[in-house]
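# Structural overview for review
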Amino acid sequence: MKVRTRFAPSPTGNVHIGNMRAAIYNWLFARHMGGEFVLRVEDTDIERSTPEAIQALLDAMDWLGLDVDGEHLYQTTRQKAHLEAAEMLLEKGLAYKEDKGGTGQGECVIFRMPGTDTTFVDGIKGEMTKKAENMQDFVIVRSNGTPVFHLANVLDDIEQGITHVIRGDDHVENTFRHIALYKALGAEIPNFAHLPMIVNKQGKPYSKRDGDAFVGDFRDKGFLGDALFNYLALLGWSPGDDREVMTREEMVEAFTLERCQSSAAQVDMKKLTWMNGEYMMKLPVEEFNAMAFQALEGAGIEADPEYALQVFGLIRERVKTVADIVPMVGYFFSEEFEYDEKAVRKKLQKDGVVDTLNRLKEIFQSLEVFDEASTDKALHDFVEESGLGFGAVMAPARIAVSGIQSGPELFPMLEVLGRERVIERIDRTIVKFL
Ligand code: GLU
């Protein structure tokens, strides 16, 4: 049996990370099994399923690298088949018509539950049973003639030859009904696996109110698709060892439903940010630079490309998300950078600092070449002969040229800034604060 899984989202314009995680697991499982992964757009909610919403969905999948086999199936194109199946169920006496609630709005088609207990073995949760008395007949075609989710979903899974339905455990209750439908339709019942929800700290479904909940939010905040993929893959699944940053091939190789957790998972932004940083570090230099240029452009920063490349080299390994880039490099490109007040008060406005800065200026002016090695040596020599502590020299130097206390290593940074800028900035700092 060739495995076929699917992602069956209802496009709304925003893709919740919980849904995307289900897509990722379906994709990983299909790839692991050498099977196929298909897309079905459950677009029957005409108002929400706009072309923009569908495009947002496709973009999100593309960004995460979820490649799909074959053509996409749009559920709305299948309405005729859905209604024909309902007709067939009526003919066989497996469904009946009723004016629900006697509203006079016309008759619905209602599926007759078989009146037996239902059991299935969930690929993640194990054996699941529901008693016959807890399962009621349910509507499959509304009085306005449109098919209901249950009918459409099952018929389309049959149509697409889906062997494994992997979805959120908010669908467990539906699955008991769906199994009855499969039987009534004379179709083979697929394997089901229900993923536990992503929850907030209170154990409630994780929503926008708890933080970034949509794939697009993460993209906008400067996360990388590959990193989010890796993070979501591990949110409820483990490779069985302590690996965390994994290539796609490694995840495909290791993925099994048995190693999916049956308990709810919580979003940990710290961990995602860390993981994104690992991916940023591994980006090919050209790709990183292209992103950084784009970020500068987006922020309206005009930069000499050669100088910008040197700046990018300084911060490359410190960047956790693409959104870090602009705040990290601002002072390289503008003379109007802000000074951290606390740093100024604590490290600059102290006895002797004005002399230190004046001396540094002289030293920098006198250097034959102004680069990482020469500034490094000159500052160390100065520390030694002046008897000042290392920090008492480095901290004012750093704040004078960048306004803040943290950042790339000082000497490469001085080299990139260049002698002229460095001296100007020291001068300006003295005038401004000392
Ligand atoms: N459109 C449904 C949803 O997004 C599909 C559920 C399923 O995977 O069967 O919840």
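Here, the structure is the one placed above.
Report on the accompanying structure. In this text the structure is predicted, and so the values were computed from the model without any measurement.

## Concerning the overall build of the protein
In terms of regular secondary structure, the protein is built from 18 helices and 12 strands. Relative to its length of 434 residues, the protein is extended, with a C-alpha radius of gyration of 30 Å against a globular reference of 22 Å. Taking the principal axes of the C-alpha coordinates as reference, the protein spans close to 100 × 45 × 40 Å. The buried share among the 434 residues of the protein stands at 49%. A fraction of 73% describes how many contacts in the protein between residues 6 or more apart in sequence connect residues 24 or more apart. If you sum the accessible surface of the protein, you get close to 21300 Å²; carbon and sulfur atoms cover 47% of it. Counting 49 positive and 71 negative side-chain charges, the protein places the centres of these two groups 5 Å from one another.

## Examining the site of the ligand
Near the ligand, the surroundings consist of Arg6, Ala8, Pro9, Ser10, Glu42, Phe149, Asn153, Arg167 and His171. In the model, a nitrogen atom of the ligand is placed 2.8 Å from a nitrogen or oxygen of the alanine 8 main chain. Arginine 167 places a side-chain nitrogen or oxygen 2.7 Å from an oxygen atom of the ligand. In isolation the ligand offers 300 Å² of accessible surface; the protein chains occlude 83% of this area. Of the residues that constitute the shell around the ligand, the class distribution is 3 nonpolar, 3 polar and 3 charged.

## Re the sheet that holds strand 1 (residues 4–7)
Taken in spatial order, the 3 strands make up an open sheet running 1-2-3, and their pairing is parallel. On the outer flanks of this sheet lie strand 1 and strand 3 (73–74), each paired with one strand and no other. Of the strand pairs in this sheet, strand 1 and strand 2 (residues 36–41) are connected by 4 bridges, and their pairing is parallel. Paired with threonine 5 across the two strands is phenylalanine 37, which belongs to strand 2. Packed onto the sheet, helix 1 (residues 17–32) meets strand 1 and strand 2 and runs at close to 160° relative to strand 1. Across the face of the sheet, helix 4 (residues 149–159) comes into contact with strand 1, strand 2 and strand 3 while running at roughly 145° to strand 2.

Calculation criteria
Residues numbered from 1 in each chain as written. Predicted model: local features only at pLDDT ≥ 70, side-chain atom pairs only at ≥ 80, totals over all residues. Heavy atoms only, no water. Helix = DSSP H or I, 4+ residues; strand = E, 2+ residues; numbered from the N terminus. Rg over C-alpha atoms; globule rule 2.2 N^0.38 Å. Buried < 20%, exposed > 50% of the residue type's maximum accessible area, 1.4 Å probe, protein only. Contact = heavy atoms within 4.5 Å. Areas by Shrake-Rupley, 256 points an atom, 1.4 Å probe, with all protein chains shown as cover. Lys, Arg positive; Asp, Glu negative; His and termini not counted. Charge placed at Lys NZ, Arg CZ, Asp CG, Glu CD. Near = heavy atom within 4 Å. Polar contact = N/O pair within 3.5 Å; in protein donor to acceptor, adjacent residues only side chain to side chain. Nonpolar A, V, L, I, M, F, W, Y, C, P; charged D, E, K, R; others polar. Pairing = 2+ DSSP bridges. Axes fitted to C-alpha atoms, helices over the stretch in contact; angles between N-to-C directions.

In short, geometric facts, not functional conclusions.
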